[in-house]
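# Inside the fold
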Amino acid sequence: MSVLRVATINVWNKSGPWLSRLPLIRRELERLQPEIVGLQEVLRFRPDAALDLPLSTTNDQATEIAEGLGFHLAFGTAADWGNGLKFGNAVLSRHKILTEQCLPLPGVESGETRSLLYALCETPHGQLPVFVTHLNWKFHHGSVRQRQVAAIAEHIARLASIDGPELPPVLLGDFNAAPDADEIRFLTGLCALQGKTVYFADAWVFAGEGPGYTYDRGNDYAVKAREPSRRIDYIFVRGPDRQFRGEPMHAELAFNAVDKSAAERVWPSDHFGLFADLAIAPRSF
């Protein structure tokens with residue numbers, strides 16, 4: 001059976017010991033060999049006066065992560081921190097990226113700006129719509145996240161219509177909400193928002209084992225926030241479709257190995273990531 005491996009990780013921008021964390025992220029990408037990767041909290045530095053400045057490992061964090069690993073790259077700004085420094089989401093794809101678009105999400109009045117990155121990737125099995133996002137982080141911003149996921153569902157429906165020619169769309173990211181939150185329950189068809197319902201398969205529910213905590217107090221970087229361990233990073237797929245493409249077959253935590261070789265322990269990020277293998281070839285039963 002043909003599968004397509006996708007992964008996601010919040011890279012925690014360049015916080016903590018970035019130069020020690022970077023090799024761990026790259027090592028995991030080499031181990032997993034994913035075809036599609038969603039990255040959150042990615043930094044890009046390109047002053048407005050130098051918009052033609054080529055991307056490199058010195059001014060683009062996604063390029064720094066992906067250097068030499070055979071990925072195409074898309075980036076979407078979520079926040080402009082001024083003087084050319086952008087903060088956002090990225091897609092790494094082994095396959096050509098045909099088009100990309102950055103879509104702003106609701107919630108600017110909350111003090112945070114968030115976005116949805118869309119990249120259409122040309123895979124051997126067909127065109128794959130990929131979406132990457134990172135929602136508001138504060139516990140009491142559930143109502144903001146609800147508006148954000150409602151907007152995400154509308155964007156996906158518009159850009160990757162049901163029964164369209166593309167493969168089932170994949171939605172990756174840091175949703176800053178546990179599975180029992182209404183914003184996640186909406187995405188998995190368990191509650192309505194704004195009088196509407198949708199359904200995306202949560203790869204972990206289909207094919208993962210255990211609680212799957214991605215923000216875990218066992219991580220020295222995460223425990224400093226004094227937050228409970230919980231699953232807040234997700235791989236969703238609007239599938240399986242009528243040909244059973246998009247069914248999650250396997251899911252595991254990733255980017256979670258600690259390096260104990262130095263005086264202080266090093267993790268790839270303050271989040272653990274995850275990967276999933278999705279059935280991608282047409283099947284019949």
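This text follows the structure it describes.
For the structure given in this document, a descriptive report is provided here. The model shown is predicted, which means the values in this text are computed figures rather than measured ones.

This paragraph deals with the packing of aromatic side chains. In this description, an aromatic ring pair is defined by two values, namely the gap between the centres and the angle between the planes. Tallying each qualifying case throughout the model produces seven aromatic pairs. A centroid spacing of 5.3 Å and a plane angle of 90° characterise the contact between F175 and F236, whose relative ring orientation is edge-to-face. Of the two residues, F175 is situated in the loop between β8 (170-174) and α4 (182-187) and F236 in strand β10 (residues 233-237); the sequence distance between them amounts to 61 residues. F236 carries the same exposure label as F175, and that label is buried. Members of the aromatic cluster, joined through ring pairs, are W12, Y221 and W267. Across the ring face of F71, the terminal group of R94 is positioned such that the distance to the ring centre comes to 4.0 Å.

Taken in spatial order, the six strands of this open sheet run β5-β6-β7-β8-β10-β9, and their pairing is mixed. Where the open sheet ends on each side, the last strands, each with one partner, are β5 (97-104) and β9 (201-202). Of the strand pairs in this sheet, strand β6 (residues 115-123) and strand β7 (residues 126-134) are connected by eight bridges, and their pairing is antiparallel. Within β7, the position partnered with L120 by the bridge is P129.

As a further point, take the sheet that holds strand β1 (residues 3-10). The six strands are arranged β3-β4-β2-β1-β12-β11 in an open sheet whose pairing can be described as mixed. Strands with a single pairing partner mark the edges of an open sheet, and in this sheet they are β3 (72-82) and β11 (248-254). Each strand of the sheet is rotated relative to its neighbour by a mean of 20°, with strand direction disregarded. Docked against the sheet, helix α1 (residues 18-32) engages β1, β2 (36-45), β4 (85-93), β11 and β12 (273-279), running at close to 155° with respect to β11.

For the rest of this paragraph, the subject is the nonpolar core. Counting 26 residues, the largest nonpolar core has V6, I36, V130, L172 and I235 as the members making the most contacts within it. Elements supplying a minimum of two residues to this core: β1, β6, β7, β8, α5 (203-207), β10 and β12. Residues within four places of I235 in sequence aside, it is in contact with V6, A7, T8, V170, L171, L172, A201, D202, A203, L274, F275 and A276.

This brings us to the pattern of salt bridges. Two side chains of opposite charge can pair, provided their charged atoms sit close to one another. All told, the structure shown has 16 salt bridges when counted by the stated rule. Put simply, D80 and K86 hold a salt bridge, and the shortest N to O gap is 4.0 Å. A salt bridge links E227 to R230, with the shortest nitrogen-to-oxygen separation between them at 3.0 Å. The class of E227 is buried, set by a relative accessible area of 14%. Residue classification places R230 among the buried residues on the basis of a relative accessible area of 11%.

Here we come to unusual backbone geometry. Put simply, G239 and P240 share a cis peptide bond, and its omega is 5°. Structurally, P240 is set in the loop between β10 and β11. Of note in this structure, Q33 is not a glycine but carries a positive phi near 50°. Within the secondary structure layout, Q33 lies in the loop between α1 and β2. According to the relative accessible area criterion, Q33 is partly exposed, its value standing at 46%.

The rules we used
- Residues numbered from 1 in each chain as written.
- Predicted model: local features only at pLDDT ≥ 70, side-chain atom pairs only at ≥ 80, totals over all residues.
- Heavy atoms only, no water.
- Phe/Tyr/Trp six-rings, centres within 6.5 Å; stacked < 30°, edge-to-face > 60°.
- Helix = DSSP H or I, 4+ residues; strand = E, 2+ residues; numbered from the N terminus.
- Buried < 20%, exposed > 50% of the residue type's maximum accessible area, 1.4 Å probe, protein only.
- Lys NZ or Arg CZ within 6 Å of the ring centre and 35° of its normal.
- Pairing = 2+ DSSP bridges.
- Axes fitted to C-alpha atoms, helices over the stretch in contact; angles between N-to-C directions.
- Contact = heavy atoms within 4.5 Å.
- Core = buried A, V, L, I, M, F, W, Y, C linked by side-chain atoms within 4.5 Å.
- Salt bridge = Lys/Arg side-chain N within 4 Å of Asp/Glu carboxyl O.

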